[in-house]
Structures are given as C-alpha cells and as structure tokens.
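Spelled out, the chains give:
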Amino acid sequence: MTVAKRPIIHILGLGSMGTVLAVDLIRFTNALVIPLFRSKEKLDKFQIEGHSKISIRKLYEEKKPLVECKVEEAQCPETFNSGIIENLVITTKTYQTKEALAPYLKYINSHTNLILIQNGLGVLEVLKDEVFVNKSERPQLFQGVISHGVYQESGFTYAHAGWAGMKVARLPWNDDEMIQTNSLVKRDYAENELVNLLMSQTFAKEFGMEHMSYQEMLLGQLFKFLVNCCMNPVTAIVDCVNGEMVDYCAPVFRSIIDECLTVLRVAYKPLFAYENQYKGNEDYVSLTVDSILNTEHMVKEVIRIGCDINERNSSSMRQDTLYLRDTEIDYINGYVVDLAKKYEMGAAAANVNKTISELVNLRLGLNRTRAQQGDWRQQ
Ligand SMILES: NC(=O)c1ccc[n+]([C@@H]2O[C@H](COP(=O)([O-])OP(=O)(O)OC[C@H]3O[C@@H](n4cnc5c(N)ncnc54)[C@H](OP(=O)(O)O)[C@@H]3O)[C@@H](O)[C@H]2O)c1
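All residue numbers here refer to positions counted from 1 along the written sequence of the relevant chain. In view of the model being predicted, local features appear only for residues whose pLDDT reaches at least 70, and side-chain atom pairs are presented and counted only at 80 or more, with totals across whole chains, interfaces and linings using the full set of residues.

## Here's the deal with the overall build of the protein chain
Selection criterion: Secondary structure is summarised from DSSP: a helix means a run of H or I of at least four residues, a strand means a run of E of at least two, and numbering begins at the N terminus for each. Taken over C-alpha atoms, the radius of gyration is set against a globule rule of 2.2 Å times the number of residues to the power 0.38. Residue burial here comes from a neighbour count, namely the number of other C-beta atoms, placed from the backbone, that lie within 10 Å of the residue's own C-beta, with 20 or more meaning buried, 12 or fewer meaning exposed, and in between meaning partly exposed. Contact between two residues is assigned whenever their backbone-derived C-beta positions fall within 7 Å.
When its secondary structure is counted, the protein chain shows 14 helices and eleven strands. Relative to the compact-globule value of 21 Å for 379 residues, the protein chain shows a C-alpha radius of gyration of 21 Å, a close match. Over its C-alpha atoms, taken along the principal directions, the protein chain stretches across nearly 65 × 60 × 45 Å. The 379 residues of the protein chain split such that 39% are buried. If you take every contact in the protein chain between residues at least 6 apart in sequence, the share linking residues at least 24 apart comes to 76%.

Now the structure itself:
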C-alpha cells in the first residue's frame, strides 16, 4: 500500500487574503502550509511575538467567533533552502508580485503549480515579459478570483467581513490557449495536486471553491474588473463611501466601462467571439458573454453591487489613499491604458482610464503632502 504524500503549499503574502486561505487550508486539509515572509525581521516577529499563530474573526457569523491556527513552519528569503516548490500561492498586492517572487525563482520550475490570488489584471504580462522569460521553465499557472472580503484587525489577526467564495482556473500563458475544453478542466481536477487540494471536499465547501475553465472564470474576472475600474478609483478620487455617490455616478461609470469594454474586446477577442463560435459544442462550457459584458448592463450592475448592496463599504483603493499606501491602479484602470498601447489602438483609445489613473495618483499625492505639510484649506 502506498502512503499518500502530504501536499506542501507555500504562501507568498500572508496578509488578508493569504491568512484567510491559510487558516482554512490548515483546518480543513492535511497540507503543510508554509508562509513566506519578506525578511528575517518579519519572520522573527511572527514566530517570537506572534507565537506562529494566525487568526480570522468570522464577522459574518452570529457570535463573530475567532478562529486561531498554529503555523507549523514559516520561511523567508534568508532561511529558505528547500528543493523545488510544489505549490505556491501569491497573495501579495499586484504591484508587489515581481519583487516578492525574486528570491524564490530558483526554486520554481515547470512542475511548480503557481496560483495568483489577486484583484486586477496585468500580473500575467509581468510574469511573461519580466519574470519567467524562458518558456520551458514556466510554472503551471492558475488564477484565483476571490470574492471574500477581509481586512486586518491587528497583528496577525484578520476580520473576515464577507463570505463570497473563490473561483479557480488554469491560467494560459498564451492568448491562443484562452479557450479550454471540458476535458482539460476534468484532467486538472483529477491529476493536478493544487487543484486536488483546493477542491478537496471539506475545504472547497468551507471556502466556497469553484473550479472551471479559463473562459468561464475570465467572464467573472472581467465583470469584477469593471466593478473595480469604477468603484475603486472614483471613491478614492472624490473620497466617499460607496453609497454616497449612487445618484450621480452613472455618467462617469458609463464613460469608464464603455472605454474598458472597447479595449477588452480587442485584447480578449476569443472570449467575446466565444458565444457564437462554441454554442452547442459538447466539449466546451456554454457561456453568455454579450448580454453580460455590455455597457448599459454593466453600469446598472456596478451601481447595484457597488453602491446599493455594498453602500456602507469604503473601497480598498479609497482606504489605500486615506492611509497613504500605494494603490493597485496600474493593474486596474492603468491596465486598460497598457492594453490600448499594446494593441496599437491609437493615442486617445484609453483617455478616460488614463485620466482616472492620473487623478488617483493626484489624490494619493495630495493626501501624502497634506499629511506632511498640513492642509492649506485650514490655513
Ligand atoms: N482584502 C480583500 O478583501 C481582498 C478581496 C479580494 C481581492 N483582494 C486582492 O488580493 C490581493 C491581496 O490583497 P490583501 O488585501 O490580502 O493585501 P495585504 O493584506 O496587503 O497582503 C499582502 C501581503 O503581502 C506581503 N508582502 C508584500 N511584499 C512581500 C514580499 N516581498 N515578500 C513577502 N511578502 C510580501 C505583505 O507583507 P508586508 O506587511 O511585509 O508588506 C502583506 O502581508 C490584492 O490584489 C487585492 O486587491 C483583496
């Protein structure tokens, strides 16, 4: 009888997303979960001051229970000397990915499963063009689109504010592999260690995991991307809570969404052509793309989800500008600007998103200057 091997999963970015995932992986799977810290100083802080414990407060449950877990092993670039990494979860902010990966590149090869669990788009392009340039050494790539809402309470304790699940799919390295067959999805489900782990029964139920084809996930990812392209920068620029702008935001959302969709239709052509091309084909999932990714429908959806359902929320980008942290704007509206350039769509093709990105940077700069030099409006 062969004894089943214990899966090992490294987590790069033990913040809100990394912790909520790590806690459930520790509780509901037999995997060895190893967080990777940025420095020896951070690792010591975690092990000595934090006693190697991570906690999640489940705000969505009646008594808001605190779930605490002990982490068996943790590493940082100075201590890491294992062999090839089998499974690597990236839960840093998008703009931190390249730098965070750098110390571990020699431990990643074509057998490594690497999953990006981040908002926004554009990290794939960074990995392709700047990190894994040698095609034969590229890892098996996956994307997780996470809808759980989590924020830091203190230290290594995080508050899980909203339970909403996570979608996972194999992320193709090349545009011509954007459309996946059901057979490929089934093969990953049966054979890939990372997919097996994430889809193991108890964990998948507790975390709300769904495994699907890339095109199916991409539809959800672009939907979420458009919500983020509107809610994040606009709330940050005008400094408001989501619901406050409900009666006034439709025109600016329409301008943003219309331009985003014009650019995304070029960059993700196979998805927008999918409905007609694959309808009725048994080895391909059936998808409705056009009735979802169109400007009028999306304006209504962004207002419904962003300003009505989450009316009391303060967006993550607004929080970043208020707390003077870098934002993910380059991977949200800025990504649309990059795509318009890449596909040579003309100088004005992404002017709305360019201006929106510039205004977010202006807001952050202004908040930083006011924090250092005082607010001229009060003088
Ligand atoms: N929070 C949410 O509710 C939510 C929901 C959906 C999607 N997302 C997306 O998920 C992604 C992660 O967001 P988050 O909220 O989890 O961010 P976060 O709380 O800031 O976590 C990022 C973590 O990455 C770590 N990190 C940064 N650089 C590193 C490096 N070089 N080496 C090792 N660790 C490093 C940070 O550690 P340091 O403290 O050392 O910098 C931090 O612990 C983002 O793309 C976000 O948009 C978040």
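## Re the site of the ligand
Basically, it comes down to this: Working rule for contacts: place C-beta from the backbone, and if it is within 6 Å of a molecule or strand, that residue counts as near it.
Near the ligand, the surroundings consist of 25 residues, among which Gly13, Gly15, Arg38, Gln118 and Asn119 are the closest. Of all the secondary structure elements, the ones that give two or more residues to the shell around the ligand are helix 1 (16–28), helix 3 (97–101) and strand 8 (149–154). Here the shell around the ligand takes three residues from helix 1, the largest share from any one element.

## Brief notes about the domain arrangement of the protein chain
To keep things clear, this is the line we draw: Here the bounds of each domain stem from an automatic or database domain assignment. Here the nonpolar group is Ala, Val, Leu, Ile, Met, Phe, Trp, Tyr, Cys and Pro; Asp, Glu, Lys and Arg are the charged ones; every other residue, Gly included, is treated as polar.
What the domain assignment reports for the protein chain is domain 1 (8–212) and domain 2 (217–371). The distance between the C-alpha centroids of domain 1 and domain 2 comes to 24 Å. Elements with a contribution of two residues or more to the side of domain 1 that touches domain 2: strand 7 (140–146), strand 10 (166–170) and helix 5 (182–191). Across the side of domain 1 that touches domain 2, the residue classes tally to eight nonpolar, eight polar and two charged.

## Looking at the UniProt feature "domain: Ketopantoate reductase C-terminal" (unreviewed entry) in the protein chain
Here is the rule: UniProt positions are given in the numbering used here, feature names are shortened, and annotations may be inferred rather than shown by experiment.
With numbering matched to this structure, UniProt assigns "domain: Ketopantoate reductase C-terminal" (unreviewed entry) to residues 218–361. The span residues 218–361 shows a helical share of 64% and a strand share of 0%, and its end C-alpha atoms are spaced 28 Å apart.

## Description of the nonpolar core
To keep it simple, the criterion reads: Throughout this description, the term nonpolar core refers to a group of buried Ala, Val, Leu, Ile, Met, Phe, Trp, Tyr and Cys residues whose C-beta atoms join them within 7 Å.
If you look at the biggest cluster of nonpolar residues, it comprises 95 residues, and the most contacted ones within it are Ile11, Val89, Leu226, Cys230 and Val302. The biggest single contributor to this core is helix 8 (residues 214–238), with 14 residues. Ignoring anything within four residues of it in the chain, the contact list for Cys230 reads Phe253, Ile256, Ile257, Val302 and Gly306.

## Comments concerning the sheet that holds strand 3 (residues 53–58)
The cut-off we apply is this: Two strands qualify as a pair provided that DSSP identifies no fewer than 2 bridges between them. Under this scheme, a helix contributes an axis fitted over its contacting stretch, all axes are lines through C-alpha atoms, and angles between N-to-C directions fall in the 0 to 180 degree range.
Read across the sheet, four strands follow the order 4-3-9-8 without closing on themselves; strand pairing throughout is mixed. The sheet is open, and its two borders are formed by strand 4 (66–70) and strand 8, each paired with just one other strand. Pairwise comparison of adjacent strand axes, ignoring direction, gives a mean angle of 25° for this sheet. Across the sheet, helix 1 is in contact with strand 3, strand 4, strand 8 and strand 9 (157–162); its angle to strand 3 comes to roughly 100°.

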